[in-house]
Amino acid sequence: MQAGQGWNMIEAVPLTKTSGSHWFGYYGKWQCDRSGTRILGQRSTFDLRMPKAGDEIEIGLIDLTRAETSWRRLGSTQAWHWQAGCMLQWVPGSDEPEI
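Residues numbered from 1 in each chain as written. Predicted model: local features only at pLDDT ≥ 70, side-chain atom pairs only at ≥ 80, totals over all residues. Heavy atoms only, no water.

### Considerations on the environment of Gly36
With respect to the secondary-structure elements, Gly36 resides in the loop between strand S1 (21–23) and strand S2 (38–44). Note: C-alpha distance between Gly36 and Glu11 (25 residues apart in sequence) is 19 Å. (Helix = DSSP H or I, 4+ residues; strand = E, 2+ residues; numbered from the N terminus.)

Here you go:
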């Protein structure tokens, strides 16, 4: 089957416009808040190499309700790896938005 024939095509759109590599992390974690308008993510300033001792990544938030989606830095960590990131997630069942 050729592309576009019988397939629902989904357009991928970038959520960030800042430099660096952005990703979420591991499956089974809550990336979106309950409202579905805020997305957690991680950002590195480097790519295509193994992490070295002391490398940090940023932890951030993308607010989809803003006219122009953007990256908002929340903090940083040195406890992470490429596959799972830092196991970042929204705390399930929390009454207040908490990561």
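### Digging into the environment of Glu58
Of note, Glu58 is situated in strand S3 (residues 57–63). In this structure the C-alpha to C-alpha distance between Glu58 and Arg43, which are 15 residues apart in sequence, comes to 5.1 Å. In contact with Glu58, not counting residues within four places along its chain, are Gly41, Gln42, Arg43, Trp71, Arg73, Gly75 and Ser76. Reaching out from Glu58, the side chain makes a polar contact with the side chain of Arg73 at a distance of 3.5 Å. (Contact = heavy atoms within 4.5 Å. Polar contact = N/O pair within 3.5 Å; in protein donor to acceptor, adjacent residues only side chain to side chain.)

### Points about the pattern of salt bridges
Any two side chains of opposite charge can pair, so long as their charged atoms come close to each other. A full pass over the atoms with the stated rule returns four salt bridges. One salt bridge connects Asp55 with Arg49, and the closest N-O pair in it is separated by 2.8 Å. Between Glu58 and Arg73 there is a salt bridge, with the nearest N and O atoms lying 3.5 Å from each other. Taken together, the residues Glu58 in strand S3 and Arg73 in strand S4 (residues 71–77) connect sequence positions 15 residues apart. On the basis of relative accessibility, which here comes to 17%, the residue Glu58 falls in the buried class. It is possible to trace a salt-bridge network through shared partners that takes in Arg43, Glu58 and Arg73. (Salt bridge = Lys/Arg side-chain N within 4 Å of Asp/Glu carboxyl O. Buried < 20%, exposed > 50% of the residue type's maximum accessible area, 1.4 Å probe, protein only.)

### As for the side chain of Ser44
For Ser44, the location among the structural elements is in strand S2. Looking at Ser44, its side chain comes within polar contact range of the main-chain oxygen of Phe46, at 2.5 Å. Dropping the residues within four chain positions of it, Ser44 is found in contact with Gly20, Ser21, Trp23, Ile57 and Trp82.

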